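Residue strings, one per chain:
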Amino acid sequence: MQLSNVANSLWFKLVLFGTASFLAVLFGMIAITNNPIFIGLAVGMILGLFLLASPKIAIWIVLVLGLGAPALLDMTGLSRMLWAVSMLSLLLWVPGVINLFSLNPQYKKPTPVFIWLAVLFAIFAVISTVLQLHSFGELFGGFKRYFQAFGLMLALTTIPWARVDFNRWLKLLLAIALLQLPFALFERFVLVKFRGGIELGGGQATDVVAGTMGANLQGGSPNAIMVFFVLLAFAFVVARWKEKLIPTAKMLLISLVLLAPLALGETKIVVVLLPLISLILFAKDIRREPSKFLPIFSVLILLTLALAYIYVYMMLDSTFTEAFVGTLQYNIHEMGYGNLLLNRTTVMTFWAGLHDWYDPLTFLFGHGLGSSYGAGFDAGHMARLYPKYGINLTTISTLLWDLGVVGLVFYISILAAAWVQLSKLAATSLNPIIRADSLAIKVGLALMFTFLMYSDSQVNLMVHEIIIACMLGYGAFLYREQVETNAPRATELSRI
């Protein structure tokens, strides 16, 4: 049937009229609610539907506003605009899924196992939640928080982008990473004073030093996500330098700007993360060329000690012994984290004490997406059952409450599969860019494994999820690039 005939058919006109009427009523009802969240989602949906015709522009908007603008939006009272960014990223599911399951060889691209596992994880999460549905609001809210960046990941994975597209996005992400320093300086020397200053507020006052990731004067700023982001960017720069793709002077200058924000806020997890990424970046090189790479590794360890000194003696006005004992108390012992009753260890034992084989359904599959979410008016039903406990304090505990042991294993399998695949690329590829960037993504995966036990931001915070989506989406592109590079060589060998 010709398109003109379809457009002139009675059924098409009825469907178009019905759809337009439904959307008019829906958006009218949203408008009169005066709810900024619903209005933001509606605006994001309207703009997103138009932008679906150009996924490239949609990706640029998500990256610029999602990573580069949260702090500005927070300070100007426009933070609700990020809901529109979230909706736009969710709408990228459409081209991502269409291309993923396309039968057209022009759009059918090699897809690594970890992307398929991510898609299966999303399907499992929805089915598991629907089968024990508590409320549609909890389902939609939980899906939005878990998978708001999955559309971005699928779009980066399945749409046949060229290398030049990813090069531009990588430059944009590096520029945003470098922007963390001026934002962190402003937050450290201006906003910290509004929270009482270091003298009165100690480490809590510097919580607001979170770069472009968002600055909340009431507390709870994502400063750890800024750390995650700059360390990942640092890993990319160093990995490319190792492959002689970046001169030493340029690498040192960029690294200095990237790492400087770490000394402006008190984020003690740096003391763990910096040695970890140093080991991943240099372990093999130290064994091969110790005279060249051991001094660099040593400098990073000294930098870690210097940051530890700044955090403990200058920001906390404490000693290493007191800081160590205090850290053990609210991470391993019985003291709650902040104002919560549970900490990063007891949150696990608390879940284990309430789940066993006597109720295999919730033990294996959890209570549904969003059930453990504990913030605001849309708190999940399990979080309301245990108020002030903080049952969603970490990613692991959130996954266990929401999706059970099966969901946790599913999520970890995505990271493990990505680690194996990127390790192969880093070890076997003849392309230095693929080798370098695969190694850098392995650093990001190691950070993700660490954050499983640190916070719930990997499944609840958009800025963190966008970073992860970029990392996995680019990892999938590197896999495709390697496969397509080897395909002609394999064809030639088969003809011999």
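For the structure, check the block above.
What you see is a predicted model; the values in this text were computed from it and never measured.

### Regarding the side chain of lysine 144
Mapped onto the elements of the fold, lysine 144 is located in helix H9 (residues 136-147). Glutamate 465 provides the closest opposite charge to the buried, unpaired lysine 144, separated from it by 7.4 Å. Those residues within four positions of lysine 144 in sequence are excluded, and the remaining contacts are Trp83, Ser86 and Leu90.

### As for the pattern of salt bridges
If charged atoms from side chains of opposite charge come close, those side chains can pair. Counted according to the given criterion, the structure contains nine salt bridges. When salt bridges with common partners are traced through the structure, they connect Lys242, Asp285, Arg288 and Glu289 into a single cluster.

### Description of the nonpolar core
Core analysis: the largest hydrophobic core is formed by 140 residues, its most contacted members being Phe121 and Leu152. For this core, the leading source of residues is helix H13 (residues 223-242), giving 17 residues. Leaving out residues up to four positions away in the same chain, phenylalanine 121 has contacts with Tyr146, Phe147, Phe150, Leu399, Leu403, Gly407, Phe410, Tyr411 and Ile414.

### Details of the environment of lysine 56
Tracing the backbone through its elements, the reader meets lysine 56 in helix H4 (residues 55-68). On the accessibility criterion, lysine 56 (33% relative accessible area) is partly exposed. The sequence separation of lysine 56 and tryptophan 161 amounts to 105 residues, and the corresponding C-alpha distance is 9.1 Å. Apart from the residues lying within four places of it in its own chain, the contact partners of lysine 56 are Trp161, Asp165 and Trp169.

### Here's the deal with the packing of aromatic side chains
Within this structure, the stated rule accounts for 30 aromatic pairs. Ring centres of tryptophan 93 and phenylalanine 150 lie 6.2 Å apart, and the angle between their planes is 15°; this geometry places the pair in the stacked category. With tryptophan 93 in helix H7 (residues 93-100) and phenylalanine 150 in helix H10 (residues 150-158), this pair connects stretches of sequence that are 57 residues apart. A relative accessible area of 14% places phenylalanine 150 in the buried class. Of the aromatic side chains, those joined through ring pairs into one cluster are Trp93, Phe121, Phe124, Phe143, Tyr146, Phe147, Phe150, Phe365, Phe410 and Tyr411. Looking at arginine 188, its charged tip hangs above the ring of phenylalanine 189, at a distance of 5.0 Å from the centre. For lysine 442, the ring lying beneath its charged end belongs to tryptophan 419, and the centroid distance is 4.6 Å.

### Considerations on H9
Residues spaced three or four apart along an α-helix face the same direction, because each turn holds 3.6 residues. Counted at 1.5 Å a residue, the expected span for H9 with its 12 residues is 16 Å, and the 16 Å between its end C-alpha atoms agrees. Restricting attention to buried positions, one finds in H9 the residues Glu138, Leu139, Gly141, Gly142, Lys144, Arg145, Tyr146 and Phe147.

### Regarding a nonpolar patch on the surface
A grouping of Leu72, Met75, Leu185, Phe186, Phe189, Val190, Phe194 and Leu217 is seen on the molecular surface, where their side chains present a nonpolar patch of about 720 Å² in accessible area. Put simply, the parts of the chain that give the nonpolar patch at least two residues each are helix H5 (70-75) and helix H11 (163-194). A per-element tally of the nonpolar patch places H11 first, with five residues. Relative to the assigned elements, phenylalanine 194 resides in helix H11. Residue phenylalanine 194 is classed as exposed on the basis of its relative accessible area, which comes to 62%.

### Some remarks on unusual backbone geometry
Look at lysine 244: it is not a glycine, yet its phi comes out positive at around 60°. Looking at the element boundaries, lysine 244 is found in the loop between H13 and helix H14 (248-259). For lysine 388, which is not glycine, the phi torsion reads 70° and is therefore positive. Structurally, the position occupied by lysine 388 is in the loop between helix H20 (381-385) and helix H21 (395-428). Overall, lysine 388 belongs to the exposed group, its relative accessible area being 67%.

### Points about the packing of H11 against H14
Relative to each other, H11 and H14 sit at 55°, their axes nearing to 7 Å. When the interaxial angle is binned, H11 and H14 end up oblique. Contact with H11, carried on its side by Leu174, Ala177, Leu178 and Leu181, involves Ile254, Val257 and Leu258 of H14 and no other residues of that element. Its residues assigned to classes, the contact of H11 with H14 shows seven nonpolar, no polar and no charged.

### Section: the side chain of asparagine 99
Inspection of the secondary structure assignment puts asparagine 99 in helix H7. Looking at asparagine 99, the relative accessible area reads 12%, which means it is buried. Side-chain polar atoms of asparagine 99 contact the backbone oxygen of proline 95, separated by 2.6 Å.

### Things to note about the packing of helix H6 (residues 81-91) against H9
Two elements in contact, H6 and H9, have axes whose closest approach is 10 Å; the angle formed by their N-to-C orientations is 80°. Accordingly, the angle class assigned to the pair H6 and H9 is roughly perpendicular. For the pair formed by H6 and H9, the contact residues are Trp83, Ser86 and Leu90 on the first element and Phe143, Lys144 and Phe147 on the second. Looking at the contact of H6 with H9, its residues break down into four nonpolar, one polar and one charged.

Cut-offs applied
- Within any chain, residue numbers begin from 1 and follow the written order of that chain's sequence.
- The predicted origin of the model limits local features to residues at a pLDDT of at least 70 and limits the giving and counting of side-chain atom pairs to 80 or more, whereas totals for whole chains, interfaces and linings rest on all residues.
- For the side-chain quantities, the full set of heavy atoms in the structure was used; hydrogens and water were omitted.
- Starting at the N terminus, helices and strands are each numbered in turn, a helix being any DSSP run of H or I of at least four residues and a strand any DSSP run of E of at least two.
- Relative accessibility thresholds used throughout: buried, under 20% of the residue-type maximum; exposed, over 50%; partly exposed, between the two (1.4 Å probe, protein chains only).
- Charged-residue counts in this description rest on Lys and Arg as positive and Asp and Glu as negative, His and the chain ends being excluded.
- For this analysis, a salt bridge means a side-chain nitrogen from Lys or Arg found within 4 Å of a carboxyl oxygen belonging to Asp or Glu.
- Residue contacts are defined here by distance: any two heavy atoms, one from each residue, within 4.5 Å place the two residues in contact.
- In plain words, nonpolar cores are sets of buried Ala, Val, Leu, Ile, Met, Phe, Trp, Tyr and Cys residues tied together by side-chain atoms within 4.5 Å.
- Two rings from Phe, Tyr or Trp (for Trp, the six-membered ring) form a pair when their centres are within 6.5 Å of each other. A pair whose planes differ by under 30 degrees is stacked, one over 60 is edge-to-face, and the rest are tilted.
- Two conditions define a charge located above a ring, namely a distance within 6 Å from the ring centre to NZ of Lys or CZ of Arg, and an angle within 35 degrees of the ring normal.
- Multiplying one less than the number of residues by 1.5 Å gives the expected span of a helix.
- Like-charged residues within 9 Å of one another, or nonpolar side chains (Val, Leu, Ile, Met, Phe, Trp, Tyr) within 5 Å, are grouped into patches, provided each residue has over 30% relative accessible area and no salt bridge.
- All accessibility values rest on the Shrake-Rupley procedure with a 1.4 Å probe; residue burial counts only the protein chains present in the view.
- Every axis corresponds to a line fitted to the C-alpha atoms, with the helix fit spanning only the stretch in contact, and the corresponding angles, defined between N-to-C directions, vary from 0 to 180 degrees.
- In what follows, roughly perpendicular refers to angles from 65 to 115 degrees, roughly parallel to angles under 35, roughly antiparallel to angles over 145, and oblique to any angle outside these ranges.
- The classification used treats Ala, Val, Leu, Ile, Met, Phe, Trp, Tyr, Cys and Pro as nonpolar, Asp, Glu, Lys and Arg as charged, and all other residues, Gly among them, as polar.
- Throughout this description, a polar contact denotes any pair of N or O atoms lying within 3.5 Å of each other; where both atoms belong to protein, one of them has to be capable of donating a hydrogen while the other can accept it, and for residues adjacent in sequence the pair is counted only when both atoms sit in side chains.

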